[in-house]
Amino acid sequence: MDALKDILLKDGRVAEIAAPGKLKSANGAEVLDATGLTVAPGLVDIHVHLREPGQGYKETIATGTAAAAAGGFTSVAAMPNTKPVNDSPEITRWMQAPNAARLCVSFHRRRYARFKSDALNDYAALKSAGAVAVSDDGLPILKDSVMRETLAAAARVGLSVIQHAEDTRMTHGAGWTEA
Ligand SMILES: [Zn+2]
């Protein structure tokens, strides 16, 4: 809908949408002037770095989600390259504690920093803990077979895959390096 309308909010939800000045049940309601603004459903950002646990000096879950909310984002998917890396149901649950991130992404495989293992995490357990996706953010999957296995395993449990689309064998650090 792209039009000028009045909107009645009741208990935090949209109760009625009508032409300007035509709301019937708005008697006594508080009026918010949204002239020049766009009213939209809560936006979703599927790639944010909240930096907790471990790097709260850069960003905390509280400050990151407050900034998101100020910009109209009501859901954010926190990337897993935290310290420790979010590759477990325990950290996934911790990140979703009250006032924390609503959506959480877990890393696709067990070892992140040392790159020693291509073994996938337990995606079913991560999903049960609240993860909405798995990602290789910051450390791209370079083996076709691992990506194939990742996509298949994620599909089996209904998780999305958020890919870091970079081949570091070609970029040689020319892009950015995520700390
Ligand atoms: Zn990122």
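Residues numbered from 1 in each chain as written. Predicted model: local features only at pLDDT ≥ 70, side-chain atom pairs only at ≥ 80, totals over all residues. Heavy atoms only, no water.

Some points on the pairing of strand β3 (residues 43-48)
A regular strand places its side chains so that they alternate between the two faces of the sheet. As judged from the 4 bridges shared by β3 and strand β4 (residues 73-78), these two strands associate in the parallel manner. The partner of Leu 43 across the bridge, within β4, is Phe 73. For the handedness criterion, the β-α-β arrangement of β3, helix α1 (residues 61-70) and β4 is classed as right-handed. (Pairing = 2+ DSSP bridges. Helix = DSSP H or I, 4+ residues; strand = E, 2+ residues; numbered from the N terminus. Right-handed = clockwise from strand over helix to strand, strands pointing away.)

Regarding the coordination of the zinc ion
Within the protein, the atoms that donate to the zinc ion are His 47 (NE2), His 49 (NE2) and Asp 137 (OD), at distances of 2.1 to 2.2 Å. Between the donor residues of the zinc ion, the gaps in sequence give the motif H-x1-H-x87-D. Of this pair, His 47 sits in strand β3 while Asp 137 sits in the loop between β6 (131-135) and α4 (144-157); the two residues are 90 residues apart in sequence, bridging distant segments of the chain. (Donors = N, O, S within 2.8 Å, 3.2 Å for Na, K, Ca; no water.)

Comments concerning the side chain of Thr 82
With respect to the element layout, Thr 82 can be found in the loop between β4 and α2 (89-95). Of note is the side chain of Thr 82, whose polar atom sits 3.3 Å from the backbone nitrogen of Asn 86. Once residues within four sequence positions are removed from consideration, Thr 82 is found in contact with Arg 51, Glu 52, Pro 53, Gln 55 and Met 95. (Polar contact = N/O pair within 3.5 Å; in protein donor to acceptor, adjacent residues only side chain to side chain. Contact = heavy atoms within 4.5 Å.)

Description of α1
Among the residues of α1, those classed as buried are Ile 61, Gly 64, Thr 65 and Ala 68. Around the axis of α1, the buried residues are gathered within 90° of arc, so they sit on the same side. Among the exposed residues of α1, those pointing more than 90 degrees away from its buried face are Ala 67 and Ala 70. Gly 72 sits one or two residues past α1 and shows a positive phi near 95°. (Buried < 20%, exposed > 50% of the residue type's maximum accessible area, 1.4 Å probe, protein only. Arc of directions from axis to C-beta.)

Focus: the pairing of strand β2 (residues 13-18)
By the bridge criterion, 5 bridges tie strand β1 (residues 6-10) to β2 in an arrangement that is antiparallel. If you follow Leu 8 over to β2, its bridge partner there is Glu 16. Between β1 and β2, which pair antiparallel one after the other, the connecting turn spans 2 residues, and Asp 11 there sits at a positive phi close to 50°.

Some remarks on α4
If you check α4, its first and last C-alpha atoms are 20 Å apart, about what 14 residues at 1.5 Å a residue would give, namely 20 Å. What α4 keeps buried is the set Val 146, Met 147, Thr 150, Ala 153 and Ala 154. The buried side chains of α4 occupy one side of the element, clustering within an arc of 135° when seen end-on. Opposite the packed face of α4, turned more than 90 degrees from it, sit the exposed residues Asp 144, Ser 145, Arg 148, Ala 155 and Arg 156. Buried residues belonging to α4 abut α3 (123-129), β6 and β7 (160-162). Remark: Gly 158 follows α4 within two positions and exhibits a positive phi of approximately 80°. (Expected span 1.5 Å × (residues − 1).)

A few points about the confidence of the model for the protein
Confidence in the prediction for the protein averages 81 pLDDT; 85% of positions are at 70 or higher. By mean pLDDT, the top-scoring element of the protein is β1 (91), and the lowest-scoring one is strand β5 (residues 103-107) (53). This model gives residues 109-116 a pLDDT under 50, and the stretch forms 22 contacts once residues within four places in sequence are excluded. (pLDDT = per-residue confidence, 0-100.)

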